[in-house]
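Below are the chains, spelled out letter by letter.
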Amino acid sequence: MAHQNILVLDFGSQYTQLIARRLRELQVYSEVLPFNTPADEIRRRTPAGVILSGGPRSVHEAGAPRCVPELFDMATPVLGICYGMQLMTDMLGGEVASAPHREFGHAVVTVQPRGNGEPLFTDLPSELRVWASHGDYVKAEPPGFSVVATSANAPVAAMEAPARKLFALLFHPEVAHTDHGMEILRNFAFRVCGCIGDWTIESFVEEAAARIRDQVGSRHVVCALSGGVDSAVAALLIHRAIGDRLTCIFVDNGLLRLDEAAQVQRRFVDKLKLPVVSVDASELFLRRLAGVVDPETKRKIIGNTFIEVFEREARARGQFGFLGQGTLYPDVIESVSVVGPAAAIKSHHNVGGLPERMPFALVEPLRQLFKDEVREVGRQIGLDEEFVHRQPFPGPGLAVRILGEVTPERLTLVRRADAIVAEEIRRAGWYRRLWQSFAVLLPVRSVGVMGDARTYEHTVAIRAVESRDGMTADWARLPHELLAAISSRVVNEVKGINRVVFDISSKPPSTIEWE
Ligand code: XMP
């Protein structure tokens with residue numbers, strides 16, 4: 001079950017995880033480790049190769065991140081990218097200087113006429129448009145290296161010391177804007193590191209069952225099914241491994257989208273035969289939310305009530321040794337800040353606080369996977385396409401999309417408007433392009449006219465954003481016809497709403513949700 005592995009040492013680039021994802025697309029398993037991972041730890045993982053990521057610092061700054069020097073003497077191939085290249089240069093005796101012409105964005109590199117080596121550019125054209133982003137450059141390569149490519153602004157755009165298996169690129173092969181970037185990574189993985197491409201989603205699915213059985217033994221597992229992709233895929237994998245020793249608990253908190261509880265029943269119970277206990281706790285949640293307007297208080301009430309209901313149900317259903325969770329790889333990557341103390345932008349947790357409160361060990365079958373891999377696993381184990389491409393939905397549900405107090409009437413309004421938004425966005429072919437799209441009920445009423453009568457009713461805002469990971473986002477430039485269709489349907493079909501506005505704020509400075 002051990003797969004070949006290329007380690008990516010993280011020097012703080014926004015593209016670090018992308019390098020690992022690209023390698024996995026090439027069917028090479030890849031893990032991201034902190035830049036300062038000790039030599040023993042690197043050796044213990046017997047990597048087929050190591051990639052040094054880019055990063056925001058300059059090697060000349062005090063406290064700039066460095067890898068262990070032994071890395072370059074392990075006879076393991078190393079590829080430095082951008083900052084990784086500059087670090088390699090600095091640590092091995094070359095010269096890094098501030099670039100007279102900084103390059104951010106597209107650049108053209110020229111690969112030198114082929115000599116014996118340069119396996120990275122095998123079968124590629126000699127001129128490549130690449131994506132670069134650097135203020136420093138390599139002025140002189142370290143002793144023993146030869147220059148393999150140059151650009152107008154950089155005498156060394158790629159260099160290598162093939163006998164020592166060391167390679168470096170000034171630009172980012174992992175980003176889509178670099179021509180033949182995947183081929184360059186493929187050449188590194190397959191030609192230089194000797195990878196054979198033994199990491200596939202099929203092999204992951206096959207091995208997952210054995211791994212889960214090993215961990216769980218003959219004990220029982222309980223899972224919280226949220227209605228989202230991650231918890232569903234985790235539960236399905238666990239179910240394949242241990243059958244009915246799994247119990248899933250689905251809590252209807254009354255804050256779900258239109259028809260969502262019924263869909264869970266149809267999809268997971270009727271079709272996929274998952275053992276699911278559905279608990280309708282909507283009255284309890286709504287009672288506790290009555291009169292509450294502060295967003296963080298809403299979140300706390302919802303989180304605590306969820307834990308209480310879940311705990312009660314779990315205790316009532318037997319003795320569970322394990323809690324199954326859909327934790328993904330980006331949540332477990334350990335990162336060390338390269339710019340001072342770690343900035344604490346903590347992602348929101350769907351199943352807030354469960355493990356801390358309950359005496360469970362965790363089974364996390366998706367810990368190794370990126371989101372796109374989870375979708376692929378989901379597809380392979382029987383989930384439909386529409387479900388695996390669902391946009392994220394926050395744990396506190398529609399409560400954070402109703403500004404002000406959550407009441408049954410307001411829930412009905414936002415739920416019905418939201419369903420129309422989703423339907424129209426799908427119909428227009430925009431659903432998958434968007435990170436999220438939804439309706440928000442605002443705490444204002446405004447005057448309108450319908451037929452001959454004056455109205456004084458609610459307003460909804462439409463939020464539609466594009467994003468890579470939810471940390472930053474841009475408002476989507478939806479076509480006017482699509483906005484028009486949404487607006488006229490919402491006003492015509494949802495009694496109580498007479499005005500629709502479109503949110504044109506990006507994150508930062510705004511957030512994606514309004515609360
Ligand atoms: P913001 O609004 O912070 O949202 O820009 C970023 C992403 O997180 C989701 N989100 C939540 N998810 N519990 C969750 O499980 C929450 O309390 C929560 N608040 C925001 C949001 O939908 C977006 O994808």
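Quick look at the structure, then. The structure presented is a predicted model; accordingly, all values stated were derived computationally and were not measured.

## Comments concerning the sheet that holds strand β13 (residues 322–324)
And then number 1: Pairing is parallel in the open sheet, where five strands are placed in the order β12-β11-β10-β13-β14. The sheet terminates laterally at β12 (276–280) and β14 (361–363), the two strands that pair on one side only. On average, each strand axis in the sheet is tilted by 30 degrees relative to the strand beside it, whichever way the strands run.

## What to know about helix α5 (residues 201–216)
And then number 1: Counted at 1.5 Å a residue, the expected span for α5 with its 16 residues is 22 Å, and the 22 Å between its end C-alpha atoms agrees.
And then number 2: At E207, α5 shows its largest bend, some 30 degrees.
And then number 3: Among the residues of α5, those classed as buried are I201, S203, F204, V205, E207, A208, A209, I212 and V216.
And then number 4: Where α5 is buried, its residues touch β10 (221–224), α6 (229–242), β13, β14 and α12 (371–380).

## As for the sheet that holds strand β2 (residues 29–34)
And then number 1: Strand order in the open sheet formed by nine strands is β2-β1-β3-β4-β9-β8-β7-β5-β6, with mixed pairing between adjacent strands. Of all the strands in the sheet, the pair left with one neighbour each is β2 and β6 (127–140). Averaged over all adjacent pairs, the angle separating strand axes in this sheet is 25 degrees, with direction ignored.
And then number 2: This element, helix α3 (residues 83–91), spans β3 (49–52), β4 (78–81), β5 (95–111), β6, β8 (154–161) and β9 (166–169) of the sheet and lies at about 115 degrees to β4.

## As for the packing of α5 against α12
Packed helix pairs are characterised by how far apart their axes lie and by the angle those axes make with each other.
And then number 1: It is the contact of α5 with α12, at a shortest axis distance of 10 Å, that shows an interaxial angle of 70 degrees. With respect to α12, the axis of α5 lies roughly perpendicular. Of the two possible hands of crossing, α5 and α12 adopt the one that is right-handed. Packed against α5, whose contacting residues are I201, E202, F204 and V205, the element α12 presents E373, E376, V377 and Q380 at the interface.
And then number 2: Residue classes in the contact of α5 with α12 are distributed as four nonpolar, one polar and three charged.

## Observations concerning the packing of aromatic side chains
And then number 1: Considering all chains together, one arrives at nine aromatic pairs under this definition.
And then number 2: Geometrically, the ring pair formed by W475 and F502 is edge-to-face, given 6.0 Å between the ring centres and 80 degrees between the ring planes. Here W475 is found in strand β17 (residues 474–475), whereas its partner F502 is found in strand β18 (residues 497–502), with 27 residues between them in sequence.
And then number 3: Look at F502 and you get partly exposed, because its relative accessible area is 23%.
And then number 4: A connected cluster of aromatic rings, assembled from ring pairs, spans F11, F35 and Y83.
And then number 5: Residue placement shows R401 over the ring face of F438; its charged tip is 3.6 Å from the ring centre.

Conventions and cut-offs
Residues numbered from 1 in each chain as written. Predicted model: local features only at pLDDT ≥ 70, side-chain atom pairs only at ≥ 80, totals over all residues. Heavy atoms only, no water. Pairing = 2+ DSSP bridges. Helix = DSSP H or I, 4+ residues; strand = E, 2+ residues; numbered from the N terminus. Axes fitted to C-alpha atoms, helices over the stretch in contact; angles between N-to-C directions. Expected span 1.5 Å × (residues − 1). Bend = angle between axes of the 7 residues up to and from the residue. Buried < 20%, exposed > 50% of the residue type's maximum accessible area, 1.4 Å probe, protein only. Contact = heavy atoms within 4.5 Å. Parallel < 35°, antiparallel > 145°, perpendicular 65-115°, else oblique. Left-handed = near helix turned anticlockwise from the far one by under 90°. Nonpolar A, V, L, I, M, F, W, Y, C, P; charged D, E, K, R; others polar. Phe/Tyr/Trp six-rings, centres within 6.5 Å; stacked < 30°, edge-to-face > 60°. Lys NZ or Arg CZ within 6 Å of the ring centre and 35° of its normal.

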